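Descriptive analysis of the structure
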Amino acid sequence: MIASESIERPTLQRRKTANSVLALRDLGSGLLRWWLWGLVAWCDIKQRYRGSVLGPFWLTLSTAVMIGSLGALYSRLFHMDLATYLPYLSLGILIWGLISALLTESCTAFISAEHVIKQIRMPLSVHLYRVIARNVIVFGHNLVVFVVVMLWFRVQVGWADLMVLPGVALLMAGMVPTGLILAAMCARFRDIPPVVANLLQVIFFMTPIMWRAELLGPNIDLAIYNPFNCFIDLVRAPLLGEWVPATSWGVALGMTAAAWAVAFPFFARFRARIAYWV
């Protein structure tokens, strides 16, 4: 009995190691195929707006109308100067749109690629990178709205703006493991996508996007330590000419590390089963 257990333990350990190596190879080789998922993401956008005159700029136009309407309304409700509130609101909505789209579309990253997964041998991570690239391109189109707002209200540009680059990099680094977990779990349990969509609607109103954290008064910590607010701050603060608070960096780094600590062993263990789940 003891001898059999001593044989099984090294075998189980070797299996875990092999799964981890395959998962790491999947993530790495998928990332190196940037030309593939970048091209497919671009084709997705072209296909979505095929036959349209403005293409993806229809979404930009609707976003601009929404930001303008909400800015005019909530600046009066919160008794805030429109020149300072509208840039804050526009960036909050744009970044939230990117985060929420990444989370909701990650839920169907593997499901929507079912025919590819079953017919073509390629890293599974390619399908997640495709979702991320597609939404980053859309975010780039929508960023035109903030450029117009920035020029109209003459938002100051300084050295702090350069911090948007590591901020976006950390945001993407946090979205990859979160997307892996959601994509795999939703492939197995199809009830999760609507749950995620409903949760995001609630989180939207609980996150300082249309309102400032200072309005909470003594309960301001609820907003400061909100992970979604911290990730939004990584991009919003630099573009507003402000330095990102150390708290936002700390929470974002901690959440990213925790996400990878959960996502990688999860992906390593269940990666081989995803083709049977979709």
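Remember, predicted model here, so these are calculated numbers, not experimental data.

1. As for the overall build of the chain
A tally of regular secondary structure across the chain gives 12 helices and 0 strands. Element order for the chain, N to C, with α for helix and β for strand: α-α-α-α-α-α-α-α-α-α-α-α. Dimensions of the chain along its principal axes, counting C-alpha atoms only, are 75 × 50 × 35 Å. By the burial criterion, 43% of the 278 residues in the chain qualify as buried. Partitioning the intrachain contacts of the chain with sequence separation of at least 6 by distance along the chain shows that 76% fall at a separation of at least 24.

2. A closer look at unusual backbone geometry
One non-glycine residue, His-79, lies in the positive phi region at around 55 degrees. Within the secondary structure, His-79 is located in the loop between helix H3 (57-77) and helix H4 (82-106).

3. Details of the packing of helix H7 (residues 164-188) against helix H11 (residues 246-270)
For the pair H7 and H11, the least separation of the axes is 9 Å and the interaxial angle reads 35 degrees. Considering how the two elements wind past one another, H7 and H11 form a crossing that is left-handed. Contacts between H7 and H11 involve Pro-166, Gly-167, Leu-170, Ala-173, Gly-174, Val-176, Pro-177, Thr-178, Leu-180, Ile-181, Ala-184 and Met-185 from the former and Trp-249, Ala-252, Leu-253, Thr-256, Ala-259, Trp-260, Val-262, Ala-263, Phe-266 and Phe-267 from the latter. For the contact of H7 with H11, the class distribution of residues is 18 nonpolar, 4 polar and no charged.

4. Looking at the environment of Gly-217
Topologically, Gly-217 is positioned in the loop between helix H8 (192-206) and helix H9 (221-224). C-alpha separation for the pair Gly-217 and Phe-78, spaced 139 residues apart in sequence, amounts to 14 Å.

5. What about the pattern of salt bridges?
Counting across every chain of the model gives 6 salt bridges. Linking Arg-130 and Asp-44 is a salt bridge whose minimum nitrogen-to-oxygen distance equals 2.7 Å. Residue Arg-130 is located in helix H6 (residues 125-153), and its partner Asp-44 is located in helix H2 (residues 34-48); the two are separated by 86 residues in the primary sequence. Its relative accessible area of 17% is what places Asp-44 among the buried residues. Here the residues in one salt-bridge network are Asp-44, Glu-105, Arg-130 and Arg-134, joined through shared partners.

6. Details of the confidence of the model for the chain
In the predicted model, the chain carries a mean pLDDT of 88, and the fraction of residues at 70 or more is 94%. Within the model, the stretch residues 1-5 combines pLDDT values under 50 with 0 contacts to residues more than four positions away or in other chains.

7. Details of the packing of aromatic side chains
This structure, assessed with the given rule, holds 8 aromatic pairs. Ring plane angle 35 degrees and centroid distance 5.8 Å describe the contact between Phe-270 and Trp-277, whose orientation is recorded as tilted. Its relative accessible area of 21% is what places Trp-277 among the partly exposed residues. Positioned over the ring face of Phe-189 is Arg-188, at 4.9 Å from the centre of the ring. Looking at Arg-212, its charged tip hangs above the ring of Tyr-88, at a distance of 4.1 Å from the centre.

Basis of the calculations
Sequence order as written defines residue numbering, which begins from 1 separately in each chain. Given that the model is predicted, a residue must reach a pLDDT of at least 70 before its local features are reported, and side-chain atom pairs must reach 80 or more before they are shown or counted; all residues, however, enter totals for whole chains, interfaces and linings. With hydrogens and water stripped out, all remaining heavy atoms of the structure feed into the side-chain values. Helical segments are the DSSP runs of H or I of at least four residues, strand segments are the runs of E of at least two, and each set is numbered from the N terminus. Per-residue accessibility, obtained with a 1.4 Å probe over protein chains only, is compared with the maximum for each type, and a residue is labelled buried under 20%, exposed over 50%, and partly exposed between these values. Throughout, a residue-residue contact means that at least one pair of heavy atoms, one from each residue, lies within 4.5 Å. For every element, the axis is a line fit to its C-alpha atoms; helices are fit only across the contacting stretch, and the angle between N-to-C directions ranges from 0 to 180 degrees. Here a crossing is called left-handed whenever its near helix is offset anticlockwise from the far helix by less than a right angle, and right-handed whenever the offset is clockwise. Polarity classes work like this: nonpolar for Ala, Val, Leu, Ile, Met, Phe, Trp, Tyr, Cys and Pro, charged for Asp, Glu, Lys and Arg, and polar for all others, with Gly in that last group. Throughout this description, the term salt bridge denotes a Lys or Arg side-chain nitrogen within 4 Å of a carboxyl oxygen of Asp or Glu. The score called pLDDT rates the predictor's confidence residue by residue, from a low of 0 to a high of 100. Here the aromatic set is Phe, Tyr and Trp, taking the six-membered ring for Trp, and pairing holds for ring centres within 6.5 Å; pairs whose planes are under 30 degrees apart are stacked, those over 60 apart are edge-to-face, and all others are tilted. The rule for a charge over a ring is simple: NZ of Lys or CZ of Arg within 6 Å of the ring centre, and within 35 degrees of the ring normal.

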